[in-house]
Amino acid sequence: MQTVFSIAVDALAYGMVLFVISIGLSVTMGLMRVVNLAHGAFAMIGGYIASYAARDLGLGYAVAVLLAVVGTVLIAIPVERFLYRRIYGAPELTQVLMTIGITFCIIGIANFAFGPTLKTIPLPEALRGSVDLGFRSIATHRLFAIVCGLVVAAALWVLIERTAFGIKLRAAVDNAAMAAALGVRTEIIYAVSFAVAIGLAAFGGVVGAELLPVEPYYALRYMVTFLVVVSVGGAGSIPGALMACLLLGAIDTTGRYLAPEYGEFFFYLAVIVIVILFPRGLAGRFK
Amino acid sequence: MNDGPLFEVKNLQKNFGGLSVTDNVSLSLVPGDRLALIGPNGAGKTTFVNLVTGNLAPNSGSVHLAGQDVTRSSAMQRVRLGLVRSFQVTRLFYDMTPEEHVALAVLQREGRSGRMIGQFRSMPTVMDEAREILHLLGLLELSQFKVREIAYGQQRLLEIALAMALRPKVLLLDEPAAGVPQSETARIEHALDKLPADLAVMMIEHDMDLVFRFAKRVIVLAAGTVIFDGSPQDVTQDARVREAYLGSYANASSAA
Amino acid sequence: MAVTMHDPMTADKTRRRTITGSLIGIAAIIIVGVIGYFLFPNNLALLTRIIAIALLVLSIDLVTGYCGVATLGHAALFGAGAYAAGIAAAHYGITDPVLMTLIGALAGALAGLVSGLIILRAHGLPQLVLSIAVIHLFHEAANKASSWTGGSDGLSGIAPDALLGLFEFDLWGRTAYVYGLFLLVVVVILLQVLVRSPFGMLARGVREDPLRISAMGASVKSVLIRMYVISGVVAGIGGALNAISTQVVGLDSLSFTLSAEALVMLVLGGTGSLYGALVGTVTFLWFEDVVSAANPFHWLTMVGALLIAVVLFAPKGLYGTAAHLLGRIGGERR
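Residues numbered from 1 in each chain as written. Chains lettered and ligands numbered in written order. Predicted model: local features only at pLDDT ≥ 70, side-chain atom pairs only at ≥ 80, totals over all residues.

Asker: Would you mind going over the overall build of chain A with me for this structure?
Answerer: Secondary structure assignment for chain A yields 12 helices and two strands. Ordered by position in the sequence, the α and β elements of chain A form the string α-α-α-α-β-β-α-α-α-α-α-α-α-α. By the compact-globule yardstick of 19 Å for 287 residues, chain A fits well, its C-alpha radius of gyration being 19 Å. With respect to the principal axes defined by its C-alpha atoms, chain A has extents near 55 × 45 × 35 Å. Scored against the burial criterion, the 287 residues of chain A give a buried share of 51%. Considering only contacts in chain A between residues 6 or more positions apart, those separated by 24 or more positions represent 75%. (Helix = DSSP H or I, 4+ residues; strand = E, 2+ residues; numbered from the N terminus. Rg over C-alpha atoms; globule rule 2.2 N^0.38 Å. Buried ≥ 20, exposed ≤ 12 C-beta atoms within 10 Å, placed from the backbone. Contact = placed C-beta atoms within 7 Å.)

Asker: Would you explain the overall build of chain B in this entry?
Answerer: Scanning chain B from terminus to terminus reveals nine helices and 10 strands. In terms of C-alpha radius of gyration, chain B reaches 19 Å, essentially the compact-globule figure of 18 Å for 256 residues. Here the C-alpha coordinates of chain B stretch approximately 60 × 45 × 35 Å along the principal axes. The buried share among the 256 residues of chain B stands at 44%. Restricting the contact set of chain B to residue pairs at least 6 apart, pairs at least 24 apart contribute 66%.

Asker: Would you mind showing me how to read the interface of chain B and chain C here?
Answerer: Interface size, as often reported, equals the accessible area lost upon joining of the parts. Across the contact, 33 residues belong to chain B and 27 residues belong to chain C. In terms of residues, the side of chain B that touches chain C owes the most to one element, helix α3 (residues 98-109) of chain B, which gives five residues. Of the residues in the side of chain B that touches chain C, the class split is 16 nonpolar, eight polar and nine charged. (Nonpolar A, V, L, I, M, F, W, Y, C, P; charged D, E, K, R; others polar.)

Asker: Explain the pairing of strand β7 (residues 170-174) of chain B to me, please; I cannot follow it from the model alone.
Answerer: Regular strands have side chains that alternate between both faces of the sheet. All names here are of chain B. The buried fraction of β7 is high, at five of five residues. Pairing of strand β6 (residues 83-85) with β7, which is carried by three bridges, proceeds in the parallel orientation. Looking at the pairing, Arg85 lines up with Leu172 of β7. Crossover handedness for the path β7 to helix α6 (residues 185-193) to strand β8 (residues 200-204): right-handed. (Pairing = 2+ DSSP bridges. Right-handed = clockwise from strand over helix to strand, strands pointing away.)

Asker: Would you take a moment to explain unusual backbone geometry for this structure?
Answerer: A negative phi holds for most residues other than glycine; trans holds for most peptide bonds. Residues and elements named next belong to chain B. Phi at Asn24 takes a positive value of approximately 55°, unusual for a residue other than glycine. Among the secondary structure elements, Asn24 is positioned in strand β2 (residues 19-29). Even without a glycine there, the phi angle at Ala66 is positive, about 50°. Its location among the elements puts Ala66 in the loop between β4 (60-65) and β5 (68-69).

Asker: What am I meant to see in the nonpolar core here?
Answerer: What tends to happen in soluble globular proteins is that the nonpolar side chains get buried as a cluster. Val20 of chain A, Ala161 of chain B together with Leu55 of chain C are the most contacted members of the largest nonpolar core, which totals 291 residues. For this core, the element with the most residues is helix α1 (residues 2-32) of chain A, which contributes 16 residues. Structurally, this core is a two-domain feature, drawing no fewer than three residues from each of domain 1 (1-79 + 171-229) and domain 2 (88-167) of chain B. Setting aside residues up to four positions removed in sequence, Ala161 of chain B forms contacts with Val102, Ile133, Leu134, Leu137 and Leu139 of chain B. (Core = buried A, V, L, I, M, F, W, Y, C linked by C-beta atoms within 7 Å. Domains from an automatic or database assignment.)

Asker: Please explain the arrangement of the chains as it appears in this structure.
Answerer: Inter-chain contacts occur across two pairs of chains; the most extensive set of contacts lies between chains A and C. Separating chain A from chain B is a minimum C-alpha gap of 16 Å, and the two share no contact.

Asker: It is not clear to me how the interface of chain C and chain A should be interpreted in this structure. Could you clarify?
Answerer: Each side of the interface is counted separately: chain C has 32 residues, and chain A has 38 residues. When residues of the side of chain C that touches chain A are traced back to their parent elements, those giving at least two are α5 (124-144), α11 (256-269) and α13 (299-313) of chain C. Here the side of chain C that touches chain A takes 14 residues from α5 of chain C, the largest share from any one element. By residue class, the composition of the side of chain C that touches chain A is 23 nonpolar, six polar and three charged.

Asker: I'm lost on the pairing of strand β3 (residues 34-38) of chain B in this one. Help?
Answerer: Residues and elements named next belong to chain B. Of all five residues in β3, four are buried, a share of seventy percent or more. Pairing geometry for β3 and β8, over four bridges, is parallel. Residue pairing for β8: Ala36 is matched across the bridge by Met203. In this sheet, strand β9 (residues 217-222) lies alongside β3 in parallel orientation, the contact comprising four bridges. Note that in β9 the partner of Leu35 across the bridge is Arg217.

In structure tokens:
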């Protein structure tokens, strides 16, 4: 019973971290139709900035999170401007190669600048220890990750369903040419979405650092995981991404607990089965 | 078994949600038929083509080819049984030459397209047939150019050449003159005259001049149902056809 | 008739031109191979590795360049060949190098069939995800089955017999290199026949417009599966060659990184041409050897930058761009 509970908490926390990082990827892929393999690299940059700020500069956790998000977005802006813009609408293979190239570069630079070791982000007092729920206690940090995921999901839901920006965004995801013809300035939508997506990735990279440790090969190690979320959830769908994250989080965590010697074998097997069963994603919007 | 019509559609029905896009359509073709399927925009012509070729599955009704029920057969199987289509928007291999296109179609028809050794250029029967078809359609001079380098009208002719190379029993031409300048439709028409006499042809077309010159029989589709089936001479006189066309135009202009 | 008089000649000319082109290409491979042998006698192991990887890159070219399927999991086919040849030698005592090569080719074909059946179930992003999942699945399976594969320690104890009973696999890797060069030449000749055959033309058609291919009555799926199997044979031979020459098989031969790097090599050289695949492999691995010897930290950065540069400035790859420029300098080809 204790194991089931631990698995459930870990799975939920892991799923929520996945959600925070990949939801931006899902929205931008739905919007700009770019197969972006470098998304995880931006989450990793966020992790490195936060680690540097909190551990080396001794700044507070909240400041570190803020710096990570702002810093990563600032780094991403020229990358978007000079590299991503060239591949909007290009064939898939071109997009794959360009974004793998970006990933390799970021890994190489991170390796050079910070070395190959794991980087920790010291947690503030309030997030250490555990919370007593009455019948069980769970690690505060796990709870924090879960709450962050829920807050992000709720905030995105409000942004997309309840604001004028959201209406334009949904129109552009549905049919960019039509939205443009109706006077939606799609380039602004693209730029804002890209910035939000990168910011969320960085945020997720920091919050999830306990579960997805920050090291140079982070970008490559979790590349597939993030892509799978989008592919399984369906690009551009928030409920789809949420479902996919929870499902994949559950499968991965259960596998680690019950059959650790198989590594990620069952995770990838599940991915194959899910993608084959739902080629258009759980929410069925991906084309 | 082959006593019935060569090609037959029985009570074909397709609904999208609550809307019947193809509503109880029946028709049949015999060898040598030259049928034009016309109808105002939104009449369900494209859906009908997709149902017939097997790219869409009907809700009910059946499609028969040479006495065989092909309702459940895939698009590819129908082609192999002799039901060939051309595309409304040209679909060709832009990096390949017309000669390669037609040779590939000939090889495919003969079941030799899976051969992994030899070249079609050293297969005299394939080359002769490919060149004959290209010659017939006036494409021989262009046979070594890449398709991306030749004019759109010539690409449309190559679509017809491909269909001929597959030697179909029933040929479905989806707007063969679409996108071709008025000055060049004569060449398309000329090409259509070269189609084998015993082939059953169903053409979907907007260009009424072409319809009147080509078709011996016209079917009018409106709102998913057949409202006229008869000779080209009678079609313009038919009250329901006039209503379908003029009525829909009147509605369209008031809506706009 | 003038038409019929004229035609067989053009056809003949085209055919003769392609045959001449093939012969020049094969001669170039052999000449470069022989020069490499005498120029780098102490580095034959690297040259043999280049040949083995070149077979993997050729194999990717068959599905990506000729059929248009983007895959990031192709090392599965290479690794299957390597492990099969290695296991045959280490566990079953099948140490004849030619037999090991055949076993590698067979295992590669099987892996090609399996991964083809999986990957071709989807299109676009899901297809890419499936290809990545396949390579990870193979990797994890090989890691788990350590009693067969040696797990993360690698599979050792591979001691191939003398080639044809005459040529021992020596310390300097001379025999392995000559055998590799021979395999490469044979494979390139066969692939040249393949890509010019009716089937090769059908595959190009699938790349350009699958819907048109099925409207001609051909099965797109069947073309792709067959190509995947052939591609598996080629990659499997490469894997077996690597197992024979290095006498160990590591998990890196079944890795995502190898899959991605091999795709990079292909694009660097140029997709859709056999020589592009070869040029890309040689350039990339030579570059890797030089750079990683000088500064291993910057290797990935350089690969990334190289990749971005190719995408931006030479989307046809080195060979493709060069061929294009030469074609323009030489005026109209026709």
